[in-house]
Amino acid sequence: MIELIWLIPLLPLVGFLVNGLGRNVLPKSLVGIIGSGVVLGAFLLSCGVFSVVYSARQAGEAATFTQLIFDWISAGNLHVSLSFLVDPLSAIMLLIVTGIGFLIHIYSTGYMKHDPGFAKFFAFLNLFVFFMLLLVLGSNYIVMFIGWEGVGLCSYLLIGFWFKNSVYASAAKKAFVMNRIGDLGFLIAVFLIFATFGTLEFAGIFPEAANMPMGDTTLLLITLLLFVAATGKSAQIPLFTWLPDAMAGPTPVSALIHAATMVTAGIYMIARSNILFTLSPITLQVVAAIGICTALLAAAIAITQNDIKKVLAYSTVSQLGYMFLGLGVGAFTGAFFHVLTHAFFKALLFLGAGSVIHAMSNEQDMRSMGGLKKQLPITYLTMLIGTIAIAGIPPLSGFFSKDEILAHAFADNKLLWMLGFIGALFTAFYMFRMLFLTFFGRFRGTAEQASHLHESPASMTVPLIILAVLAAIGGFINVPSTLGGGHALADFLSPVFADSVAQTGTFHLDHSTEYILMGVSSLAAVFMAVVAYRQYVSKVTIPAADEVSRGLLARLSYRKFYVDEVYDALIVRPLNALSVFLHRVVDKSGIDGVVNGLARSVGESGKGIRLLQSGNVGFYIFMMVIAAVVLLAYGIFNG
């Protein structure tokens, strides 16, 4: 099975080529079968690869396999191969990308069936999965970087899929540009890594790095640059504003990008490079600080948003902040555990929101919803499970992964735990607010919308049900010993993080402290759910219209703390003004003025000189005589 690794990314690439080239001739049914089938094939192969890795781990082996496809670049000391690495970390990521990707493809067959760009959409989805698999499987930083850039390109194509809408096109450009800022950090880091280690292969870098001293300056610079790359791809302060705007894309795109794949690329990259970050404690402090600030800021914004997809978008930014908090306090397994559970419940919530929008004739404002649980029972029940999971209420998946991150934060820094706890309160409140505004109370939409309310087709509800089951039980793969578990995921991933554990030691909290932390966070989440119920169900509070004045804090939250406006004032408008100045003054008046002035002077002098060519022979003889006299005079006076 390991010998077939190369087929896993190849299948989605074939799907992209077939659907892309045949988009004008293939029927929609065949497009859906091909687009979904190639991802299903990749998922089945990934299951086989995972079983080999799992068996090796059960036997006590490291379970690391490398497959060389071909030697790619050879120039001087630089040797780069296109090769794939499969170990416990990448094996799980393969299951996430292909498994949830397959469910999203199936969902898309129903959601996008009336769209004229159906085949093109599936081609882009397949290409996205191909590049994400390259990112995950790459055995060196160059292959990872190719996948990294590829998912950025595909996100631009998918976010701006309905590009005839200028707002959507602008959102795609914003995502592309902000990701390029982070990608520059990745590229410079790659140069530094090669200059330091003489190779770009993980197998050559990490063992050598493990012997370097803690706090090495070069490692500090490398990890800070890699973190800049991660802030762009995984939407952290200051490069997070692209992700909420990315809601312009079709809802399946939101689920694919914001749940299991692109936005988790930064976490995967740091987890893969864990020893570099462990040896750079300053970088880890920066990662933790940025992560918790992002989690709180995004959660504070989500509390007042009324667009159902915007709530989920800011929720994604906030949950990514928790993952970075976990990485920053050394909880690499906990952060990756949250990547896994987040993939389940956030994909579920986005696809559930798409089902609601589908039923509401493309309405996304929760103020125009309400009372939908009777008309959309499957969507309601599955989104309820997703909401409970993300809120961290036991025994659903989010409880286990979020608790592990907060426990590590408590052991590392009590302030970080307190801030993380506050963020968890926000999460529970805004998620139940979304649920109650959407499904409870009376229907607030139009009569025409009410007449078309219906549950989504099976192609959309079956993926919801599968994801709901995963969101409910997914946390049990890493039950802590405090609750009678054996940290199964941590044991499975232990070879990946072994060097970091050797540097920092094993994490430990006494059971009584863990019980208290679990109880406090669980009760707080339930309490915030009750507060949201009283506010939006018992009191039937409906969020105010856009034009209604709000208090200072509510206005700051509703206007997203004016981050976009600040960026526009400090960066966009000055750059636009500079570009206008360079265009009008430097380019047109300066460079073009000099060039055009020379051309005009030559032209005008030519016009004057051509008058000498009169065709009069007498004039020519006279000029010859004058010239002879001048030459004679010159000879006499200079003789």
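Located above this text is the structure these notes cover.
What you see is a predicted model, and the numbers here were worked out from it, not measured in a lab.

**Some words on the overall build of the chain**
Okay, so step 1: Scanning the chain from N- to C-terminus turns up 26 helices and two strands.
Okay, so step 2: Per-residue burial over the chain gives 53% buried out of 639 residues.
Okay, so step 3: Carbon and sulfur atoms make up 68% of the accessible area of the chain, which amounts to about 26300 Å² in all.
Okay, so step 4: Side chains of the chain give 34 positive and 31 negative charges; the mean places of these two sets differ by 14 Å.

**Quick word on the pairing of strand 1 (residues 65-75)**
Okay, so step 1: Two strands pair when backbone bridges link them, and strand 1 and strand 2 (residues 78-86) are joined in this way by nine bridges, in the antiparallel orientation. Within the sheet, the bridge partner assigned to Gln-67 lies in strand 2 and is Phe-84.

**Concerning the side chain of Thr-341**
Okay, so step 1: Considering the arrangement of structural elements, one finds Thr-341 in helix 15 (residues 332-359).
Okay, so step 2: Accessibility expressed as a relative area gives 0% for Thr-341, which makes it buried.
Okay, so step 3: Ignoring sequence-local partners within four residues, the contact set of Thr-341 consists of Ser-397 and Ser-401.

**Overview of the pattern of salt bridges**
Okay, so step 1: With the rule as written, the count across this model stands at nine salt bridges.
Okay, so step 2: Here Asp-183 makes a salt bridge to Arg-180, at a shortest N to O gap of 2.4 Å. Separated by three residues within a single helix, Asp-183 and Arg-180 lie in helix 6 (residues 166-197), roughly one turn from each other.
Okay, so step 3: Accessibility expressed as a relative area gives 4% for Asp-183, which makes it buried.
Okay, so step 4: Accessibility expressed as a relative area gives 23% for Arg-180, which makes it partly exposed.
Okay, so step 5: One salt bridge in this structure joins Arg-367 and Asp-365, with 2.8 Å as the shortest N-O distance.
Okay, so step 6: Residue Arg-367 is classed as buried on the basis of its relative accessible area, which comes to 15%.
Okay, so step 7: Taken together, the shared-partner salt bridges connect Glu-149, Arg-180, Asp-183 and Lys-233 into one network.

**Regarding the nonpolar core**
Okay, so step 1: Tyr-141, Trp-242 and Leu-276 are the most contacted members of the largest nonpolar core, which has 207 residues in total.
Okay, so step 2: For this core, the element with the highest residue contribution is helix 15, accounting for 18 residues.
Okay, so step 3: Residue contacts for Leu-276: discarding those within four places in its chain leaves Tyr-141, Phe-197, Ile-205, Phe-206, Ala-209, Leu-219, Thr-223 and Leu-226.

**What about helix 18 (residues 414-439)?**
For an α-helix, the turn length of 3.6 residues means that residues three or four places apart are oriented alike.
Okay, so step 1: Between its terminal C-alpha atoms helix 18 stretches 38 Å, which fits the 38 Å expected from 26 residues at 1.5 Å a residue.
Okay, so step 2: Judged by how many residues are buried, helix 18 sits mostly within the fold: 20 of 26 residues are covered.
Okay, so step 3: In this structure Asn-413 caps helix 18, since a side-chain oxygen of it lies 2.8 Å from the backbone nitrogen of Leu-415.

**Some points on the packing of helix 14 (residues 308-328) against helix 18**
Okay, so step 1: Two numbers describe how helix 14 lies on helix 18: the axes approach to 11 Å, and their chain directions differ by 160 degrees. Here helix 14 is positioned roughly antiparallel relative to helix 18, judged by the angle of their axes. Between helix 14 and helix 18 lies a crossing of left-handed hand. Taking contact as the criterion, the partners of Ile-308, Val-311, Leu-312, Ser-315, Ser-318, Gln-319, Tyr-322 and Leu-325 in helix 14 are, on helix 18, Leu-416, Gly-420, Gly-423, Ala-424, Thr-427, Tyr-430, Met-431, Met-434 and Thr-438.
Okay, so step 2: The class makeup of the residues in the contact of helix 14 with helix 18 is 10 nonpolar, seven polar and no charged.

**Comments concerning the environment of Met-518**
Okay, so step 1: Structurally, the position occupied by Met-518 is in helix 23 (residues 511-538).
Okay, so step 2: By relative accessible area, which is 6% here, Met-518 ends up buried.
Okay, so step 3: Along the chain, Met-518 and Gly-35 lie 483 residues apart, while their C-alpha atoms are 43 Å from each other.
Okay, so step 4: Residues contacting Met-518, with those up to four places away along its chain left out, are Phe-399, Asp-403, Pro-480, Thr-482 and Leu-483.

**Let's talk about unusual backbone geometry**
Okay, so step 1: Across the junction of Ile-237 and Pro-238, the peptide omega takes the value 5 degrees, indicating a cis bond.
Okay, so step 2: Residue placement: Pro-238 occurs in the loop between helix 8 (217-233) and helix 9 (242-245).
Okay, so step 3: Phi is positive for Tyr-562, close to 55 degrees, though the residue is something other than glycine.
Okay, so step 4: By secondary structure assignment, the location of Tyr-562 is in the loop between helix 24 (552-558) and helix 25 (563-609).

**A short note on the packing of aromatic side chains**
Okay, so step 1: Considering all chains together, one arrives at 29 aromatic pairs under this definition.
Okay, so step 2: A centroid spacing of 5.1 Å and a plane angle of 70 degrees characterise the contact between Phe-399 and Phe-400, whose relative ring orientation is edge-to-face. Both residues of the pair, Phe-399 and Phe-400, belong to the buried class.
Okay, so step 3: Taken together, Phe-118, Phe-121, Phe-122, Phe-124, Phe-161, Trp-162 and Tyr-168 form an aromatic cluster joined through their ring pairs.
Okay, so step 4: A cation over a ring is seen here: Lys-120 above Phe-161, with NZ or CZ 5.3 Å from the ring centre.
Okay, so step 5: It is Lys-402 that lies over the ring of Tyr-322; its NZ or CZ is 5.3 Å from the centre.

**A look at the packing of helix 6 against helix 7 (residues 202-209)**
Helix-helix packing is described using two parameters, namely the angle between the two axes and the distance between the axes.
Okay, so step 1: In contact at an axis separation of 11 Å, helix 6 and helix 7 are set at 70 degrees when each is read in the N-to-C sense. In this view, helix 6 runs roughly perpendicular relative to helix 7, as classed from their interaxial angle. As for the relative orientation of helix 6 and helix 7, their crossing is left-handed in sense. On helix 7, the residues touching Ile-193, Thr-196 and Phe-197 of helix 6 are Ile-205, Glu-208 and Ala-209.
Okay, so step 2: Of the residues in the contact of helix 6 with helix 7, the class split is four nonpolar, one polar and one charged.

**Concerning helix 7**
Okay, so step 1: Within the sequence span of helix 7, burial applies to Phe-202, Ile-205, Phe-206 and Ala-209. One side of helix 7 carries all its buried residues, which in axial view fall inside an arc of 85 degrees.
Okay, so step 2: Tucked into the core, helix 7 has its buried residues touching strand 2, helix 5 (141-159), helix 6, helix 11 (265-272), helix 12 (274-278) and helix 22 (498-504).

**Regarding the side chain of His-105**
Okay, so step 1: Along the chain, the position of His-105 falls in helix 3 (residues 88-111).
Okay, so step 2: Polar side-chain contacts of His-105 include one of 2.7 Å to the backbone oxygen of Gly-101.

Parameters at a glance
Residues numbered from 1 in each chain as written. Predicted model: local features only at pLDDT ≥ 70, side-chain atom pairs only at ≥ 80, totals over all residues. Heavy atoms only, no water. Helix = DSSP H or I, 4+ residues; strand = E, 2+ residues; numbered from the N terminus. Buried < 20%, exposed > 50% of the residue type's maximum accessible area, 1.4 Å probe, protein only. Areas by Shrake-Rupley, 256 points an atom, 1.4 Å probe, with all protein chains shown as cover. Lys, Arg positive; Asp, Glu negative; His and termini not counted. Charge placed at Lys NZ, Arg CZ, Asp CG, Glu CD. Pairing = 2+ DSSP bridges. Contact = heavy atoms within 4.5 Å. Salt bridge = Lys/Arg side-chain N within 4 Å of Asp/Glu carboxyl O. Core = buried A, V, L, I, M, F, W, Y, C linked by side-chain atoms within 4.5 Å. Expected span 1.5 Å × (residues − 1). Polar contact = N/O pair within 3.5 Å; in protein donor to acceptor, adjacent residues only side chain to side chain. Axes fitted to C-alpha atoms, helices over the stretch in contact; angles between N-to-C directions. Parallel < 35°, antiparallel > 145°, perpendicular 65-115°, else oblique. Left-handed = near helix turned anticlockwise from the far one by under 90°. Nonpolar A, V, L, I, M, F, W, Y, C, P; charged D, E, K, R; others polar. Phe/Tyr/Trp six-rings, centres within 6.5 Å; stacked < 30°, edge-to-face > 60°. Lys NZ or Arg CZ within 6 Å of the ring centre and 35° of its normal. Arc of directions from axis to C-beta.

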